[in-house]
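Architecture and fold: a report
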Amino acid sequence: MLQLHDVSTYYGQIRALEWVNLEVRTGEIVTVIGANGAGKTTLLNTICGILSPKHGEIVFAGKPISNRQAEALVQLGICHVPERRQVFSTMSVTDNLLLGAYHRRDKQVQPDMRQVYELFPILEKRRNQMAGTLSGGEQQMLAIARGMMSRPKLLMLDEPSVGLAPLMVREILHIVADLRARGTTILLIEQNARAALQVADRGYVLETGRVVLSGTAKELLADEGVQKAYLGKSNRLQLARCRAGLTTYACVEDKSINSCVMCPNGNK
Ligand SMILES: Nc1ncnc2c1ncn2[C@@H]1O[C@H](COP(=O)(O)OP(=O)(O)OP(=O)(O)O)[C@@H](O)[C@H]1O
Ligand SMILES: [Mg+2]
């Protein structure tokens, strides 16, 4: 459905994406994991036409889309739910949902609204409430639900669970799996890498703008580097001595000193 071939994106002189190759096949959930500043948001903004790539090609449903306007891409079926759940806070839940369908000329908007309310019963309960009065989790659901009102073929979610309680994170990811089961293809950016890899089919690891690893979600969950960097195992440190005899920190898992913070040359 979506392919990126050697895509590089710059902010002025700063290169934020470097030769990125990535594919999302129809019916998949693909996740991109990476540290803060790795380029995840830049990646989604490049795909949805907010940013233009300096090099490379983006192909959607067999057509090159690299320099199309964001508006045209919505018409083609690409929907982007940006980070920090941007809902229209002084508008009602229903009006927010209708805005998601603003470009549609078909007669299925009302039936789709009913379907979205079936999927998000809490939103139906709150349908006349101003979006700004919803809880963080409810606003995130509204942002996703509004995206669904555009009938996307590809739904791109930028950190949908950021700032939410663990129970709400589960709920959101459950919804993501549900949307896929109903036929939407999903590209998911998620700070909670473990939870994302648990719902995804495949994943990519982005480091300083480059794809450094890709594979099935199962492969990435089992990968030692991914575990240490993104699944929280590297946090368990204990005091140890490095080869130069200085006191430093070592990873509890393997008792080895990965990098000595005391030695000027990072003696291992
Ligand atoms: N508008 C901008 N102007 C200049 N540099 C930018 C701009 N937006 C992002 N960057 C830089 O591009 C790089 C990638 O940023 P990006 O926001 O894509 O990362 P991210 O992986 O989404 O991070 P986070 O996990 O914090 O959301 C960073 O080094 C960032 O400082
Ligand atoms: Mg981001």
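The structure presented is a predicted model; accordingly, all values stated were derived computationally and were not measured.

Remarks on the nonpolar core
If you look at the biggest cluster of nonpolar residues, it comprises 66 residues, and the most contacted ones within it are Leu142, Ala145, Met156, Leu157, Val176 and Leu188. Among all residues touching Ala145, those that are not within four sequence positions of it are Leu97, Val116, Phe120 and Leu123.

Things to note about the packing of helix 3 (residues 93–100) against helix 6 (residues 136–148)
Close contact between helix 3 and helix 6 brings their axes to 7 Å; oriented N to C, the two are set at 40°. One finds that helix 3 runs oblique with respect to helix 6. The way helix 3 lies across helix 6 gives a crossing that is right-handed. Two secondary-structure elements touch here, helix 3 through Val93, Asn96, Leu97, Leu99 and Gly100 and helix 6 through Leu142, Ala145, Arg146 and Gly147.

Focus: the confidence of the model for the protein
Of the residues in the protein, 87% have a pLDDT of 70 or more, and the chain-wide mean is 85. When the criterion is pLDDT under 50, residues 233–238 qualifies, and its contacts beyond four places in sequence or with other chains add up to 15 contacts.

So, the packing of helix 6 against helix 7 (residues 166–181)
At a minimum axis distance of 10 Å, the contact between helix 6 and helix 7 shows a crossing angle of 15°. Taken together, the axes of helix 6 and helix 7 are roughly parallel relative to one another. In this structure, helix 6 meets helix 7 at a crossing whose hand is right-handed. Between helix 6, through Gly137, Gln140, Ile144 and Met148, and helix 7, the contact on the second element is made entirely by Met168, Glu171, Ile172, Ile175 and Leu179. Of the residues in the contact of helix 6 with helix 7, the class split is six nonpolar, two polar and one charged.

Basis of the calculations
Residues numbered from 1 in each chain as written. Chains lettered and ligands numbered in written order. Predicted model: local features only at pLDDT ≥ 70, side-chain atom pairs only at ≥ 80, totals over all residues. Core = buried A, V, L, I, M, F, W, Y, C linked by C-beta atoms within 7 Å. Buried ≥ 20, exposed ≤ 12 C-beta atoms within 10 Å, placed from the backbone. Contact = placed C-beta atoms within 7 Å. Axes fitted to C-alpha atoms, helices over the stretch in contact; angles between N-to-C directions. Helix = DSSP H or I, 4+ residues; strand = E, 2+ residues; numbered from the N terminus. Parallel < 35°, antiparallel > 145°, perpendicular 65-115°, else oblique. Left-handed = near helix turned anticlockwise from the far one by under 90°. pLDDT = per-residue confidence, 0-100. Nonpolar A, V, L, I, M, F, W, Y, C, P; charged D, E, K, R; others polar.

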